[in-house]
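# Chain and residue survey
Letter by letter, the chains look like this.
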Amino acid sequence: MIIFTLFPEKRLLMNLNRETRRRRTFGIISHPDAGKTTLTEKLLLFGGAIQVAGAVKSNKIKKSAVSDFMEIERQRGISVATSVMGFEYGGYKVNILDTPGHQDFAEDTYRTLTAVDSVIIVIDAAKGVETQTRKLMEVCRMRKTPVIVFINKMDRPALDPFELLDNLEKELQISVCPLSWPIGSGGGFKGVFNMHEQKLDLFLPSANQPEQQDIEVSDILSGEADSYIGSGASTLKDDLELALAGYPQFDRERYLGAGLAPVFFGSALNNFGVRALLDCFLEIAPSPGTTKAVEREVHAGEDKFTGFVFKIHANMDPNHRDRLAFVKICSGMFERNKPYLHIRTGKKQKFSSPTGFMAERKSVIDVAYPGDIIGLHDTGNFRIGDTLTEGEVLNFKGIPSFSPEFFRYVENGDPLKFKQLAKGLDHLMDEGVAQLFVNQVNGRKIIGTVGPLQFDVIEFRLKHEYGATCRYEPLNIHKACWMESSSREQLDDFRMRKQQNMAKDKRGRDVFLADSEYSLQMAREKYDAIRFHTISEY
Ligand code: G4P
């Protein structure tokens, strides 16, 4: 008798490939209030990750909480608990990466988007694309991240579907293809026609929990479903004829190449259209693919482990200063207690209690696969963008650092606590709370943030976690620009003439702190060999 056995390495590789292929790691983005939290919660309910609605708390910081520090701390507590939500559904391992809703934390969201393989965008049907979504889409476009759109709140009066689709195309700068079509909206909302599966999903409002009825339809245009829809039937048929002629067919390659966005309509609050979205998403969304490193492209199916840090979260307990570094696994299998090379420091490190994220629980895991996010306890060694490998020297690219919008000088408020302030600032910058620049003429430290709220957060955290006191002084700066030049002469000349506005960032790179759009424009015109970037990489 011949017994066929596979070599253990081959078995491991097959297992790795299987695990990689079934992973769906994505982020949900929206403008605040469009329904991101509600949709996340419904997806978790489907996945059995939570049992009751209301378990996922909104991670919004309400406007009134601008100076409410307890609210900020509460927010940090919630966001660490829900920053990654993993669950099993239909044979897939789903990892939802949470993105902060408040625009002052947009930088955090940008970084999280570097760790996802695709994105679901939630739009409020009455409002269309709003500012925050537009900005986040820029990051998706830059990274060529595939996106699916969920138009939410159809149970409320909504804009016309064609108007909404036009708005998406224009504002998100992407072709769209509707995979479901709404029948009415608000009080007259009857449901959607699921163009992907050719069935009618009827919305049946009831006093307790609105219900959904699915009706298979072979040809919606023939009138076979009219009795279910009533007065909305002829509008639906006209709409569908126009839509089929006016929008491209779904094409998975175009979607995966970020050239086409499938669109669904529904109501997250009423759990309507969510299952159709989830089922289609799991079928078409990409599993982890390639990640670009400075040295080469890394494929998820490679057998050696690689990963990068995209987020660092400080412990809320001031007595335990350790932090949690969130690592996205790009390739290979991560194993507990195996030594990995931390590229920036050149040191090998073992992790005895790596954290995995399933549902709302964190637990120690032994292994993890590409697409998974793990949390590594850190005493201050990690920085956002750091790479871990089994030994190969690799530096993953593409963690963007955007020019801050607000700048202030930061000064020590207590001469006896100079060291504490330096350490606190150092740690907070590693976490990516804000960016620190040092003016090249006077050596003063400048903090740049995406929103004014961060200045309060920094002051509060310096005091409570590091026992340091800081003072801010106003500073009139419009943008920070990283520079690249094809002419050494021009760069030297620029540096000399603009020395008052020259600073170094945390990595020692030159940064031009332009005080107005006009001065930036002038600099661009005069120094044509220099390129001024408002986006950098960590
Ligand atoms: P966000 O995370 O994107 O900021 O939005 P969130 O889910 O918190 O939803 C914002 C508001 O919109 C919530 O109401 C939520 O209940 C409501 N909402 C979400 N989806 C739908 C929908 O499909 N239809 C309708 N009609 N409303 C929806 P709220 O009053 O601000 O908060 P809450 O008191 O209900 O929590």
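This text gives an overview of the structure that appears in the document. In this text the structure is predicted, and so the values were computed from the model without any measurement. (Residues numbered from 1 in each chain as written. Predicted model: local features only at pLDDT ≥ 70, side-chain atom pairs only at ≥ 80, totals over all residues. Heavy atoms only, no water.)

### A few points about a positive patch on the surface
Taken together, the side chains of R143, K144, K292 and K397 make up a positively charged region of the molecular surface. When its relative accessible area of 38% is taken as the criterion, K397 is described as partly exposed. (Patch = residues over 30% accessible without salt bridge, like charges linked within 9 Å, V, L, I, M, F, W, Y side chains within 5 Å. Areas by Shrake-Rupley, 256 points an atom, 1.4 Å probe, with all protein chains shown as cover. Salt bridge = Lys/Arg side-chain N within 4 Å of Asp/Glu carboxyl O. Lys, Arg positive; Asp, Glu negative; His and termini not counted. Charge placed at Lys NZ, Arg CZ, Asp CG, Glu CD. Buried < 20%, exposed > 50% of the residue type's maximum accessible area, 1.4 Å probe, protein only.)

### A short note on the nonpolar core
Ranked by size, the top nonpolar core spans 80 residues in total, and within it I121, V149, I151, L168, L200 and F334 carry the most contacts. Take this core: its biggest share by element is six residues, from strand β15 (residues 323-331). In this structure, this core is formed jointly by two domains, domain 1 (26-75 + 100-285) and domain 2 (291-389), each of which donates at least three residues. Residues within four places of V149 in sequence aside, it is in contact with I121, I123, L168, L172, A261, P262, V263 and F264. I28, V122, F150 and F281 belong to the second-largest nonpolar core, a separate cluster that totals 33 residues. (Core = buried A, V, L, I, M, F, W, Y, C linked by side-chain atoms within 4.5 Å. Helix = DSSP H or I, 4+ residues; strand = E, 2+ residues; numbered from the N terminus. Domains from an automatic or database assignment. Contact = heavy atoms within 4.5 Å.)

### Examining the environment of A126
Of note, A126 is situated in the loop between β4 (118-124) and α5 (131-143). Given a relative accessible area of 41%, A126 falls into the partly exposed group. When the C-alpha atoms of A126 and P157 are compared, they prove to be 6.5 Å apart, with 31 residues separating the residues in sequence. Residues in contact with A126, not counting those within four places in the same chain, are P157, A158 and L159.

### Things to note about helix α14 (residues 517-526)
Buried residues of α14: S519, L520 and A523, and no others. Relative to the axis of α14, the buried residues are bounded by an arc of 100° and lie together on one face. Opposite the packed face of α14, turned more than 90 degrees from it, sit the exposed residues Y518 and E525. Contacts from the buried residues of α14 go to β29 (479-485), α13 (488-497), β31 (510-514) and β32 (530-533). (Arc of directions from axis to C-beta.)

### Here we look at the packing of aromatic side chains
Applying the stated criterion across every chain, the model contains 23 aromatic pairs. The side chain of R408 reaches across the aromatic face of F455, ending 4.1 Å from its centre. (Phe/Tyr/Trp six-rings, centres within 6.5 Å; stacked < 30°, edge-to-face > 60°. Lys NZ or Arg CZ within 6 Å of the ring centre and 35° of its normal.)

### Here we look at the sheet that holds strand β5 (residues 147-152)
Spatially, seven strands are ordered β2-β3-β1-β4-β5-β11-β6 in an open sheet, and the strand pairing comes out mixed. Among the strands making up the open sheet, the edge pair consists of β2 (84-89) and β6 (175-178). Here the strands of the sheet are splayed against their neighbours by 25° on average, with no regard to which way each runs. Contacting β1 (23-30), β2, β3 (92-97), β4, β5 and β11 (260-265), helix α10 (residues 274-284) crosses the sheet at an angle of about 180° to β5. (Pairing = 2+ DSSP bridges. Axes fitted to C-alpha atoms, helices over the stretch in contact; angles between N-to-C directions.)

### Re the pattern of salt bridges
Scanning the entire structure with this criterion turns up 33 salt bridges. Salt-bridge contacts for R22 lead to E88; the nearest nitrogen and oxygen are separated by 2.9 Å. Within this pair, whereas R22 is found in the loop between α1 (8-21) and β1, its partner E88 is found in strand β2, the two being separated by 66 residues in sequence. By relative accessible area, which is 38% here, E88 ends up partly exposed. Across the salt bridge formed by D378 and R323, the nearest N and O atoms sit 3.2 Å from each other.

### Thoughts on the site of the ligand
The full set close to the ligand counts 17 residues, and D33, K36, T37, T38 and S267 are the nearest of them. In this structure, an oxygen atom belonging to the ligand sits 2.9 Å away from a main-chain N or O atom of G35. In the model, an oxygen atom of the ligand is placed 3.1 Å from a nitrogen or oxygen of the N152 side chain. Protein burial of the ligand: of its 710 Å² of free accessible surface, 69% is covered by the chains. Here the element with the most residues in the shell around the ligand is helix α2 (residues 36-46); it accounts for three residues. Its residues assigned to classes, the shell around the ligand comprises four nonpolar, seven polar and six charged. (Near = heavy atom within 4 Å. Polar contact = N/O pair within 3.5 Å; in protein donor to acceptor, adjacent residues only side chain to side chain. Nonpolar A, V, L, I, M, F, W, Y, C, P; charged D, E, K, R; others polar.)

### Some remarks on unusual backbone geometry
Most peptide bonds adopt trans geometry, and most residues besides glycine take a negative phi value. Of note, the phi angle at N271 is positive, near 60°, even though the residue is not glycine. Note that N271 resides in the loop between β11 and α10. Residue N271 is classed as partly exposed on the basis of its relative accessible area of 26%. Phi is positive for N337, which is not a glycine, with a value near 70°.

### Quick word on the sheet that holds strand β30 (residues 502-504)
In any sheet, the strands associate via hydrogen bonds between backbone groups, in a parallel or an antiparallel arrangement. An order of β28-β25-β27-β26-β30-β31-β29-β32 is seen for the eight strands of this open sheet, with the pairing classed as antiparallel. The open sheet has two free edges, formed respectively by β28 (470-474) and β32, since each of these has just one partner strand. Direction aside, the axes of adjacent strands within the sheet are offset by 40° on average. Across two bridges, strand β26 (residues 435-439) lies against β30 in antiparallel orientation. Directly across from V438, in β30, lies its bridge partner K504.

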